[in-house]
Structure formats: structure tokens, C-alpha cells
Amino acid sequence: MSKNKLLAVCLLVGTALSCGSSSSKSDPGTDAGGAGSEDPGAGVAGSDGDPNNPGDPAAPSTYAQVASVAKMIYDAVEAGEDVSPHIEAVLDVFGVPTLASDDVEGALVRIEAGVPFVTTTLVERMAAAYAQGRLVDAEGFSEGLVEQGVELAFPYNLEGGELDYSLLGGMMYSLTYGGETMPDVPLETGTVLPALVRELGQERARRVMPDAVDPVWGDERLDPLQFTLLSFTVFAKAAVTTTALSASGSPKLPSKFQFLQSNPGADFLKDKIKDQLKDKIEGDLTSALQGIVEVPLDKKDAAKVSVCGSLILYGHKVAMTNTPDLLWHAPKTPNLTKVEMTLTFEDDYYDNWARAVLGSAVTDLTGCAFPRKGPIEGKPIEWSVSSELEDHGSYDITQSVTDAFGNAVASWRTVRDDYPLACQVFEKQRDAVGATEAVVSGLLSGWSTVETIVTFLNPNTGTQGHDPLTVLYYEVTVDDTCHTE
């Protein structure tokens, strides 16, 4: 999204939201709206910190602190580290507990309250998605919200428009730009979550495409935390505090603490992230975005949408291989690789946990149509390669959907160079290292626009069974003397 278009959207939103301000109000009694109130911090555990006083420990985080968490996460991704503790810590800050994967009782309490949760298995799947570089199309996510019936709330709907990619981006920009321009000043209450969502995209994009960073979405994609936090905050509707949940019988949380303690340094990491991420409304997954949208679902179904979206999307596993993974420009060989992709669903929610927590009758609207564990057939695929390889070859045969075994095959052939032998010397040899990519759509029922993109954030890591693809070639100019030798 260009900055000119972004500013135009900000002006459109500006009748009720000024760019750089996070103040928003909504009717706390409206069940169809977000979990807003005249005072977003009312009744929520925490103190009334002064956001104008950077030294107040109860004040919300600064943008610089939020940015440090995004950097911490992507430093870990690039280093090939397990980011499960990072994910748990961030979600914990926003009041989302990590339940044991078989904690039916705890999950039911959260669903009844209309607030989301994650499981230890889901956190592991999200961490694996980071390692694989699996991303979701941000525009498809926005279109999916509309497909789910999410609308603009009053007064943002006065112009007669509807929620779309540009408008959602404009709102994100409006809520966070002021903090970005004054990075050491505490953020407005309710903008810490959207600031983190935005900065995760900025941090990721700066590492891969520093000269073409979208001012809102970075690379116009969403990583696992971005997708989960955005969907959770849009659909979380109940103004239920962590304290209130505890009084009514809180979910059991032994698995979270056992998991963190099993990883040396994880407790320190969690404390460090929590120290950087603070908001006066911590504990409700509430954000200023909730005052901007309306969700036409009751709180239980809204909670199911958010929970099921992440459980289903990251329950899928995509494995890609290149055989061979070292090629030459033709006519040297090998100059053709067989690209194989396998799509499976890894978790047995269909027959076990899902029916106990969500009930046997699930609909497309709630997004809870869990697939059975095993291969996933009939999902559309679009093939591509990372930018490093675009000039070095192309696909010549591609399979457009996964077969009964969840498999799909394509072949990628290198370009041809016709250089004299005198030019084909070691001094002129170069290599291009990148990755074959696949975009798989149709993974979420009721979210047909959401696509998951399998790529590499860092092709050199070769994580999760994925091999980088290397192409060797000779760099020769037309004026090179080797043409006449």
C-alpha cells in the first residue's frame, strides 16, 4: 500500500480516529460490537499508569519496546531457535493462556466466557510455522473477515463503506503511527497489540526486502503471531477479566509452566518479553481495534472462530523438497529439479478434543470444520520461487491441486546460457540460493480467501526438512575477452 493511499485512508477514518491516536469508544452493552467501554481499563487487573510519564512502570509500552520484542522473535527465527517460549510469553501478556492439549475443562471455561486460548500443541505448530517460514496473505485475511460478516462499527460506517484491506490497514496505521514517530513515549491505551502486529511485519520485511517495505503490512503477509493476535482481538467479545475467570473456576495451566521450565532460560525470556509489552488493559486481549468493528456472532461462536482459525491453519503441515537441490544453468547438468509438496493435518481434533469443547454440530460460519488427521486432498496450489531464483529458471510442469495422498509435484528448469568454454572458469562462477514456494488455499472453511504461503525467511537455515535450492552459473558480460579466446 502506497503512503499516499494510506494517508487517504487515514483521512477517511479521521472523522472518528486521528492518525497517531489510539483513543476509541464503543457501547459496552452492544453484544455485536467489540469488547470496548468508555474506559477500556475499567475493571481490568492492573494500575492506572500515566501514559504521559515514560518512567511510570504501569504505563503502556513504548513503540521502541514493542519493536524490541519483534526483533527478539525474528532474531531467534534467523538463528534457528525454537520460538515456542516467545509465542507463549506474548500471548500470556495479552491474557491468552496456554492450556494442556487435553484440558477440556479449561477450554470450556474460556469458550463459555467468549475469550480465546491456545494449546501446547498449537504453540508447537506455530513455532514450526515460523521455522518453515509459513505466512498468510494479509489481504486474504482482511477479505476473510468480511466473509465472516465482520463490519465497521459506528461511527466508522457512516460513510457507507465496508471493511477491506486498505481500510483495515489504514486503521492499523492510524492507531500506531504516532507511537512509531515518538518511539520512546508510552503508547495510547489499547494500541500495544496492533503496534506489535504491525511491527512484526515491519521487522520481517526489513530483513528480506529493505527497499520495498509496505508501511502497514511490511511484506503484505502475516506470521503466526500476527494472524492469531489479529483474529483473537477482532473476535474476542466478552469484557471478562483474568480475575473474573479465576473466581469462576479458571482453566488449568500446568502445561504452560512445565513447558517453559523445561527450556533453560525460558522463564527469563518470558519475563523479558512481559517487561517490554505492557498495556493498562492487559488480560482481556482488548485493543482499540475492537471499537472499530462489529462481529455478528454471540460471544461463544466468536471465540470458536478465533480459536478454530489458528488450530486448523497451523494444524496443517506442508513439507517441500527439491530433488536434486543443486542445479546449473543449462546446458550444464543437472538443470531440472523435481519439487514435491505434501500437505497433511497433524492433529486428531476431529474425533477427540473438538467435539468435547465445540460440540458435534459445527458450521462454516464458526470456522470449526476440522479435517481428519492425515493427508489433505483437493487443495489448490500456486507455485513460485523466492526472488533470488526468479531470473534463473521457471516451472514447466505443475500440479494444481493435492492428490488423495496430499501430494503435489512440479518441475523447475533453469535458464540456458551459451558461453564458450573459455568463459566457464571458476573465477566467473556464481551461485544463487533461494527456495521453491507454494501458496496453498482453502485450508479454513468459511475463510476461503485465506492462503498459507510456504517459503523461507532465511533459505540458508534449511530447517524443518526443507532444503534450499542452489543454482550455479557463470557471470559473463558481452565485452568479456573470453568470448574471443
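Just so we're clear, the structure is a prediction, and the values are computed from it rather than from any experiment.

J.: Sorry if this is basic, but what is going on with the confidence of the model for the chain here?
T.: The predicted structure's coordinates, where accompanied by low pLDDT, should not be read in detail. For the chain, per-residue confidence averages 77 on the pLDDT scale, and residues scoring 70 or more make up 74% of the total. Across the chain, the element-wise mean pLDDT spans from 36 in helix H11 (residues 254-261) up to 97 in strand S8 (residues 326-328). Per-residue pLDDT stays below 50 along residues 5-48; that stretch engages in 81 contacts with residues further than four places along the chain or on separate chains. In the predicted structure, residues 238-262 sits below a pLDDT of 50 and forms 53 contacts with residues beyond four places in sequence or in another chain.

J.: What is the right way to look at the state of the cysteines in this model?
T.: Joining two cysteines, a disulfide is a covalent bond between their sulfur atoms. With the rule as written, the count across this model stands at one disulfide. Each sulfur in the disulfide pair Cys-423 and Cys-482 lies 1.9 Å from the other. Looking down the S-S bond of the Cys-423 and Cys-482 bridge, the torsion is 90°, so its handedness is right-handed. Here Cys-423, found in the loop between strand S13 (407-414) and strand S14 (429-434), pairs with Cys-482, found in the segment after strand S17 (469-474); they are 59 residues apart in sequence, far enough to count as distant. Like Cys-482, Cys-423 is buried.

J.: Would you explain helix H7 (residues 165-181) in this entry?
T.: Counting along an α-helix, one turn takes 3.6 residues, and residues three or four places apart therefore face a common direction. Given a rise of 1.5 Å per residue, 17 residues ought to cover 24 Å, and the 23 Å separating the end C-alpha atoms of H7 matches this to within 8%. Within H7, the axis deviates most sharply at Leu-175, by approximately 40°. Of all 17 residues that make up H7, 14 are buried, and the element is covered over most of its length.

J.: Help me understand the pattern of salt bridges in this model?
T.: As a working rule, side chains carrying opposite charge can pair if their charged atoms are close by. Tallying each qualifying case throughout the model produces 15 salt bridges. Arg-125 is the partner of Asp-347 in a salt bridge, and the nearest nitrogen-oxygen pair spans 2.6 Å. Taken together, the residues span a long stretch of sequence, with Asp-347 in the loop between strand S9 (336-345) and helix H14 (353-358) and Arg-125 in helix H5 (residues 120-132) at a distance of 222 residues. As a salt-bridge pair, Glu-203 and Arg-207 come within 2.7 Å of each other at their nearest N and O atoms. Note that Glu-203 and Arg-207 are positioned in helix H8 (residues 192-208) at a spacing of four residues, about one turn of the helix.

J.: What is the right way to look at the nonpolar core in this model?
T.: Generally speaking, a soluble globular protein has its nonpolar side chains buried in company with each other. Residues Val-90, Leu-225, Phe-235, Leu-277 and Trp-383 are the most contacted members of the largest nonpolar core, which totals 111 residues. With residues near it in sequence (within four places) discarded, Leu-277 still touches Ser-61, Val-66, Val-69, Val-90, Val-93, Phe-94, Val-192 and Leu-196. Ranked by size, the runner-up nonpolar core spans six residues in total, among them Trp-328, Leu-472, Tyr-474 and Cys-482.

J.: What exactly am I supposed to notice about the packing of aromatic side chains here?
T.: Each pair of aromatic rings is reported with the distance of its centres and the angle of its planes. Enumeration according to the criterion identifies nine aromatic pairs in this entry. Measuring from ring centre to ring centre gives 4.9 Å for Tyr-173 and Tyr-177, while their planes differ by 25°; the resulting arrangement is stacked. Taken together, the residues span about one helical turn, with Tyr-173 and Tyr-177 both in helix H7 at a distance of four residues. Take Tyr-173: its relative accessible area is 5%, and that puts it in the buried class. Looking at Tyr-177, the relative accessible area reads 33%, which means it is partly exposed. Measuring from centroid to centroid gives 6.1 Å for Phe-227 and Tyr-314, while their planes differ by 75°, and the two rings are edge-to-face. Note that Phe-227 is positioned in helix H9 (residues 224-235) and Tyr-314 in helix H13 (residues 299-315), a separation of 87 residues in sequence. The exposure class of Phe-227 is buried, given its relative accessible area of 0%. Following the ring pairs from residue to residue traces out a cluster consisting of Phe-141, Phe-227 and Tyr-314. Sitting over the ring of Trp-328, Lys-332 keeps its end group 4.7 Å from the ring centre.

J.: Quick question: what am I supposed to make of helix H3 (residues 84-93) here?
T.: Along H3, 10 of the 10 residues are buried, which leaves the element largely enclosed by surrounding structure. Taken together, the buried positions of H3 are occupied by Ser-84, Pro-85, His-86, Ile-87, Glu-88, Ala-89, Val-90, Leu-91, Asp-92 and Val-93. Positive backbone phi, approximately 80°, marks Gly-95, located one or two places after H3.

J.: I would appreciate a short explanation of the packing of H3 against H9 in the present structure.
T.: Two measures define how a pair of helices packs: the angle their axes make with one another and the distance between the axes. At a minimum axis distance of 11 Å, the contact between H3 and H9 shows a crossing angle of 20°. Viewed along their axes, H3 and H9 adopt a mutual orientation that is roughly parallel. The chirality of how H3 crosses H9 is right-handed. Each of Ile-87, Val-90 and Leu-91 in H3 lies in contact with H9, whose residues at this interface are Leu-225, Thr-228 and Leu-229. In terms of residue class, the contact of H3 with H9 is made up of five nonpolar, one polar and no charged.

J.: For this particular structure, what's the right way to read the environment of Arg-206?
T.: Structurally, the position occupied by Arg-206 is in helix H8. The partly exposed category is assigned to Arg-206, whose relative accessible area is 37%. Through-space distance from the C-alpha of Arg-206 to that of Asp-219 is 8.7 Å; in sequence the pair is 13 residues apart.

J.: Help me understand the sheet that holds S8, please; the structure alone is not making it clear to me.
T.: Strand order in the open sheet made by the three strands is S8-S17-S14, with mixed pairing throughout. Looking at which strands have only one partner, the edges of the open sheet turn out to be S8 and S14. Shown here is a sheet whose adjacent strand axes are inclined to one another by a mean of 25°, direction ignored. In this sheet, S17 lies alongside S14 in antiparallel orientation, the contact comprising six bridges. Counted as the bridge partner of Arg-430 is Tyr-473 from S17.

What counts, and at which threshold
- Each chain has its residues counted from 1, running along the sequence as written.
- Where local features are concerned, this predicted model is filtered to residues with pLDDT of at least 70; where side-chain atom pairs are given and counted, the filter is 80 or more; whole-chain, interface and lining totals use all residues.
- To get the side-chain values, take all heavy atoms of the structure and skip hydrogens and water.
- For every residue, the predictor reports its confidence as pLDDT, a number between 0 and 100.
- Helix numbers and strand numbers start at the N terminus; a helix is a DSSP run of H or I with at least 4 residues, a strand a run of E with at least 2.
- Two residues qualify as a contact provided that any one of their heavy atoms is within 4.5 Å of a heavy atom in the partner residue.
- Disulfides are defined as pairs of cysteine sulfur atoms found within 2.5 Å of each other.
- The rule is simple: take the accessible area with a 1.4 Å probe, protein chains only, and divide by the maximum for that residue type; under 20% is buried, over 50% is exposed, in between is partly exposed.
- In this scheme, a helix's expected span is set at 1.5 Å multiplied by one less than its residue total.
- The term bend refers to the angle at a residue between two fitted axes, each drawn through seven residues, those ending there and those starting there.
- One speaks of a salt bridge when a side-chain nitrogen belonging to Lys or Arg is within 4 Å of a carboxyl oxygen belonging to Asp or Glu.
- We define a nonpolar core as any set of buried Ala, Val, Leu, Ile, Met, Phe, Trp, Tyr and Cys residues linked to one another through side-chain atoms lying within 4.5 Å.
- Between 30 and 60 degrees the pair is tilted, below 30 it is stacked and above 60 it is edge-to-face, where a pair is any two Phe, Tyr or Trp rings, Trp via its six-membered ring, whose centres lie within 6.5 Å.
- Here, a charge over a ring is recorded when the distance from Lys NZ or Arg CZ to the ring centre is within 6 Å and its angle to the ring normal is within 35 degrees.
- Under this scheme, a helix contributes an axis fitted over its contacting stretch, all axes are lines through C-alpha atoms, and angles between N-to-C directions fall in the 0 to 180 degree range.
- For classification, angles of less than 35 degrees are called roughly parallel, those exceeding 145 degrees roughly antiparallel, those between 65 and 115 degrees roughly perpendicular, and all remaining angles oblique.
- Handedness of a crossing follows from how the near helix is turned relative to the far one, being left-handed for an anticlockwise turn of less than a right angle and right-handed for a clockwise one.
- Residues are grouped as follows: nonpolar covers Ala, Val, Leu, Ile, Met, Phe, Trp, Tyr, Cys and Pro; charged covers Asp, Glu, Lys and Arg; every other residue, Gly included, is treated as polar.
- Paired strands, in this sense, are two strands between which DSSP finds at least two bridges.

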